[in-house]
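A look at the structure
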Amino acid sequence: MSHAPTPAETALPAHSRVLIVGSGPAGYTAAVYASRAMLEPVLIQGMQPGGQLTITTEVENWPGETEIQGPDLMVKMEAHAAAMGARIFIDTVTRLDLKARPFVAELDSGRRITADAVILATGAQARWLELESEEKFKGFGVSACATCDGFFYRNREVVVVGGGNTAVEEALFLTKFASKVTLVHRRDSLRAEKILQDRLFKNPKINVIWDHEVLEVQGDEQPLGVTCVRLRNLKTGTEQTVPADGVFVAIGHAPASELVAGQLELHHGGYVKVEPGSTRTSIPGVFAAGDLTDHIYRQAVTSAGMGCMAALDAERWLADHHMAGAPAPDEAEIPA
Ligand code: NAP
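Summarised in this report is the structure supplied together with it. (Residues numbered from 1 in each chain as written. Predicted model: local features only at pLDDT ≥ 70, side-chain atom pairs only at ≥ 80, totals over all residues. Heavy atoms only, no water.)

**Considerations on helix H1 (residues 25–36)**
Given a rise of 1.5 Å per residue, 12 residues ought to cover 16 Å, and the 17 Å separating the end C-alpha atoms of H1 matches this to within 8%. Most of H1 is tucked away: 10 of the 12 residues are buried. Burial in H1 covers these residues: Pro25, Ala26, Gly27, Tyr28, Thr29, Ala30, Ala31, Val32, Ala34 and Ser35. Among the structural elements, strand S1 (15–21), strand S2 (42–44), helix H2 (70–84), strand S5 (87–89), strand S8 (112–120) and helix H7 (300–320) are those in contact with the buried residues of H1. (Helix = DSSP H or I, 4+ residues; strand = E, 2+ residues; numbered from the N terminus. Expected span 1.5 Å × (residues − 1). Buried < 20%, exposed > 50% of the residue type's maximum accessible area, 1.4 Å probe, protein only. Contact = heavy atoms within 4.5 Å.)

Right, dumping it as structure tokens:
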């Protein structure tokens, strides 16, 4: 992936009026808006620059693009944010102290930055089945990313677990390589969009096993590798074994809120709580956008919309506290 023209050469400033954490659609959109508000935002990309869209293939629901590859879309967003003046850094925030202002972020590189306002856009991470055998074969036949690992399954049989958009998209993508794709879902209907379901049911390489859960991933020890998956019918209790060289787990995502757990109010199993209709979190000056806070829509376009809202909320908050155009503040406490 190409990167913004400046990050490698530009030294990280000691202080920023707006610090954006995360580089998915929410983070980059917040960076575009905050840059245009002359807030000179600093954006820290995190472990996966570009976020979840960098591990998808075709995106067909980004307005203005009938079809675009996820990684290409994110390269464009990064370039857009950089062109507007955002300072983008390939680094990860490892610790964020929101107890007092200015807020303090420590980075994986050992650097440190303070900020008047923070926009959190750390997104979400893939969920796992939490089986011991899944853990054992991770990287040796068990994956959560078909676009990353699908290529290894040319003319092999694979199982995809899940019934949402991700599972159906991964199953469809895997038919490019695999000889057979079995989708295992715990219910008798999918929650994926109808257009994707239609493609799935029409694809002769895909077989769906309904009402089943995965009990165990089985395989060889030497070399370590998957050979089959043991399933249980949730209605009858009967078990069956399905041959598989690869297992792709696509059962949804969990918000990446570890950085702020214990500091910000969370709800619905870890999503950052924001005031309805805004991106304001439980700490004044801290805003959250995208999959980190959205447990309902979770779309690239809604994340981008929330990124815009977060930048506008931050701009207003800074102006209300006389910091919109201010230089680096002293350590004085600012009233909420
Ligand atoms: P999702 O929509 O939350 O679906 C997760 C699926 O995994 C559900 O079918 C769920 O079953 C199943 N599941 C959850 N926990 C499970 C477990 N422990 N064992 C077995 N199955 C389990 O997640 P997603 O597919 O990753 O999508 C996340 C969001 O991103 C959605 O809003 C989706 O629309 C969006 N997305 C959009 C696109 C697109 O527009 N092209 C592509 C990918 C994702 P139940 O159905 O029984 O709950």
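**Quick look at helix H5 (residues 165–174)**
Where burial is concerned, most of H5 is hidden: seven out of the 10 residues are buried. The secondary structure elements touched by the buried residues of H5 are helix H4 (146–149), strand S11 (157–161), strand S12 (180–184), helix H6 (194–202), strand S13 (206–209) and strand S17 (246–249).

**Focus on the packing of H1 against H7**
As a packed pair, H1 and H7 sit with axes 7 Å apart at the nearest point and diverge in direction by 35°. The handedness of the crossing between H1 and H7 is right-handed. On H7, the residues that touch Pro25, Ala26, Thr29, Ala30, Tyr33 and Ala34 of H1 are Ala300, Ser303, Ala304, Gly307, Cys308, Ala311 and Leu312. Residue classes in the contact of H1 with H7 are distributed as 10 nonpolar, three polar and no charged. (Axes fitted to C-alpha atoms, helices over the stretch in contact; angles between N-to-C directions. Left-handed = near helix turned anticlockwise from the far one by under 90°. Nonpolar A, V, L, I, M, F, W, Y, C, P; charged D, E, K, R; others polar.)

**Examining the packing of H1 against H2**
Interhelical geometry of H1 versus H2 gives an angle of 20° and a closest axis separation of 8 Å. As far as their axial angle goes, H2 and H1 are roughly parallel. Handedness of the H1/H2 crossing: left-handed. Between H1 and H2, the contacting residues are Pro25, Tyr28, Ala31, Val32, Ser35 and Arg36 on the first element and Met74, Met77, Glu78, His80, Ala81 and Met84 on the second. The residue inventory of the contact of H1 with H2, partitioned by class, reads eight nonpolar, two polar and two charged. (Parallel < 35°, antiparallel > 145°, perpendicular 65-115°, else oblique.)

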